[in-house]
Amino acid sequence: MLLFFVTPFYALLSVAMGRLDPVFSSAEPVWNPIRWNPAIFPEVLGELFGGRLTAIFIRTFVYVGTASMLCLLIGYPVAYYLARHAGRWRGLLLGLIVAPFWINYLMRMMAWQNLLAVDGYVHRFLVFVNVLDAPRAWLVGHHETVILGLVYGYVPFLILPLYAALDQIDSSVLEAARDLGAGPVRTFLHVTLPLSKQGVLAGVVIIMLPLFGDYYTPNLLSGSPRTRMIGNEIDLFINSGVGGATGAALTVVLMALIAMLMAYYLFTVMGAARESQQ
Amino acid sequence: MVFHPRDPAWRRGALNRRELLRIVGGAGLSASLAGCGAGASFATDDRRRVLVGTPENPVQHPLFDDNPPIDSGLDIESGPLQIFNWAEYVHIPVLNAFSERYGVDWEYTTFYNNEEAIRKLRTKAGRFDVYFPPLEQIPKCIAGQLLQPLNHAYLPNLANVWPSLVSPFYDQGARYTAPYTVYQTGIAWREDMVSPDLEAMTNPWHVFWDPQYHGIAGMYDDFKETIGVGLYATGTNDINTADPARLEKARRKLLELIDLINVRFTIDGVYAKIPERGFALHHAWSGDVVQSRAYFPRDEDPSVMRYFWPPRSEQSSAGGMVAVETFAIPRNAEHPVLAHHFINFMLETANALSNFGWIGNPPPLRTVNPETFVSEGHIPPNLASTITTEDDFSIGQLPLQLPPEVEIEWMKVWASVQSGG
């Protein structure tokens, strides 16, 4: 905890509330908290809420929310099938879901760049089978391209914890529901779904954390101002040197928002644990 | 130096101290003029004064007792020569020729952007022998004592350099730097996809605001360059401005591009994306246009590439950036004698020309004739307009280092443009 969270977080605060080197125009950390200058935070919050970064901030939430929902819609049936119906194919199917991790995320996105290019194979195929009459420019600032890219990149992270949660549901509970007259749909809605709630939450939290900080997916699949996310702004400021404090402050604000999500998740998990003990 | 009527006032020397402060340092900011006829400066103490030279107000950077140049007549170290530069920005056969002549190996370390380069130089973890600072990085590198003074006894080929850059305004006496290449920022396009008549436009930069280029036009993902286009497009040629009103006008103008042409900001748009038809029109570094030849697919014709630099237009009063990249030796270089010999080697005409054929930016040497670049096959006829000459420095504008308070305002404008709001 000290090594992996407290130290980097303290360094982040030291940069956000540090000083600007007058020669190198770079953000310099101030390690003594007594000398911290928190003036950057009202400035950053002003930019996020009603300022020049408001649009990108809202867009990030819309992208993350939509991508998470799509991940769940795709991931839940897959995880359910794996846990309940895959049988002897389960190992193979799990291996296939994990397989994309063997390839670097950036490489996979660059592959999609080529596939979705105007002269790429996806276009050639769709034109060949008459789904499209002509190639479309999918990589020039379309929200749906970036969101689908995010879904593609993160859906396996949701499937695995969800699968683990569904796999742990005692089959005798499901059989009891059926014995008491519940049909498959009612059993799913009133037994399976509530019992998998923690898995859903765990999966959603796991993908939301990196989704909020993602910046390379919009870069690689769009490059347009229309599709930039807050992670792009953090990357821009931190790599600019002079904007390092702003980048660090944006990161802290984003962390605070994500911490609220985490708090809700922990609250739910603790509540579920209490219920199971009673 | 001869100045062009289109030059902004600060280049023509028509400014008083207050105006110069406003432009280079920012009115009300922590800038101050250095004395003795120097350019603008900003710093916290005498020892770390950042001197920013302009053509009318050249600066001579100080020498420090604890950072002297190396002695003359020293033997060459055994190497390897540690080069710190942008990726693929020295032609490897030229490096191998140096290696063969002096019997040493070389190692090449790259950086992604200038800020990363400065960070690595400051950590002292990386000990490099040669670094290539662009014009706007030189003042801070010297003030921060990241560079060591050059010993000209090892650099007889400095005599080959353009007269205006032998003792340049940004480093009088070439105390810390020697010029490497020169380049411009203009407009590139594929003639087989679009046909903009830039010569006829009163402001060629306005081509980016033409909706017929929707989805096929791009700009650099570089705040100094692209805000510069916004400034040119709004009628100011002061590309180092600290004036919030001018920056705001440029911001609003650039934001129009999002809906008007669905602009995309990339760093490889010219050399990599135009050849594969990802863009038809792009804001372009002259060297990128030359390098694009290598990126055209086999079934495409590279001769469709065109390049235009607005200051050369008869119809236009719009400006355009022109800049210098330099050689320098980091203060903690392990092989400073070898580094001096390398700089001297690169200033030899044959080696400089060979390197030019690869990187696309010409060497500022009086011993090469830009008019023969095409006839000698260094670049194809369709790209003759990419050649930067000594005269271009009298009609273009040079990007200078901004004071931190001004730079952060530029960054905010850029963040706003990039986020679309």
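Residues numbered from 1 in each chain as written. Chains lettered and ligands numbered in written order. Predicted model: local features only at pLDDT ≥ 70, side-chain atom pairs only at ≥ 80, totals over all residues.

Below, the discussion takes up the nonpolar core. Of all hydrophobic cores here, the largest spans 172 residues; its most connected members are A:Ala67, A:Tyr154, A:Leu158, B:Val130, B:Ala188 and B:Trp410. No other element matches helix α7 (residues 143-167) of chain A, which puts 13 residues into this core. Apart from the residues within four sequence positions on either side, A:Leu158 is in contact with A:Cys71, A:Leu72, A:Gly75, A:Gly203, A:Val204, A:Ile206 and A:Ile207. (Core = buried A, V, L, I, M, F, W, Y, C linked by C-beta atoms within 7 Å. Buried ≥ 20, exposed ≤ 12 C-beta atoms within 10 Å, placed from the backbone. Helix = DSSP H or I, 4+ residues; strand = E, 2+ residues; numbered from the N terminus. Contact = placed C-beta atoms within 7 Å.)

Turning our attention to the confidence of the model for chain B. Parts of the prediction with low pLDDT should not have their coordinates interpreted in detail. All names here are of chain B. Confidence in the prediction of chain B, expressed as mean pLDDT, is 85, and 88% of residues score 70 or more. Note on residues 1-38: pLDDT is under 50 here. Beyond four places in sequence and across chains, it has 82 contacts. In the predicted assembly, ipTM is 0.75 and pTM is 0.80. (pLDDT = per-residue confidence, 0-100.)

The subject of this paragraph is the environment of A:Gly141. Mapped onto the secondary structure, A:Gly141 falls in the loop between α6 (121-128) and α7. Each C-alpha atom, one on A:Gly141 and one on A:Leu221, is 7.9 Å from the other, the two residues being 80 residues apart in sequence. Not counting residues within four places of it along the chain, the set of residues in contact with A:Gly141 comprises A:Ser222, A:Ser224, A:Arg226, A:Thr227, B:Asn262 and B:Arg264.

Residues and elements named next belong to chain B. An order of β5-β4-β6 is seen for the three strands of this open sheet, with the pairing classed as parallel. Because the sheet does not close on itself, it has two edges, and the strands there are β5 (106-111) and β6 (130-131). The sheet contact formed by strand β4 (residues 81-86) and β6 spans two bridges and is parallel. Of the residues in β6, the one forming a bridge with Phe 84 is Tyr 131. (Pairing = 2+ DSSP bridges.)

The subject of this paragraph is the packing of helix α8 (residues 244-261) of chain B against helix α13 (residues 404-419) of chain B. Residues and elements named next belong to chain B. Running from amino to carboxyl end, α8 crosses α13 at an angle of 15°, the nearest separation of the two axes being 9 Å. Of the possible angle classes, the one that applies to α8 and α13 is roughly parallel. Note that α8 runs across α13; the crossing there is right-handed. Every residue of α13 that contacts α8 at Pro 244, Leu 247, Ala 250, Arg 251, Leu 254 and Leu 255 is listed here: Glu 409, Trp 410, Val 413, Ser 416 and Val 417. Taken together, the residues that form the contact of α8 with α13 break down as eight nonpolar, one polar and two charged. (Axes fitted to C-alpha atoms, helices over the stretch in contact; angles between N-to-C directions. Parallel < 35°, antiparallel > 145°, perpendicular 65-115°, else oblique. Left-handed = near helix turned anticlockwise from the far one by under 90°. Nonpolar A, V, L, I, M, F, W, Y, C, P; charged D, E, K, R; others polar.)

As a further point, take the interface of chain A and chain B. With 27 residues of chain A at the contact, the number on the chain B side is 29 residues. For the side of chain A that touches chain B, the secondary structure elements donating two or more residues are α3 (54-84) and α12 (230-240) of chain A. No other element matches α12(A), which puts six residues into the side of chain A that touches chain B. In terms of residue class, the side of chain A that touches chain B is made up of 13 nonpolar, 10 polar and four charged.

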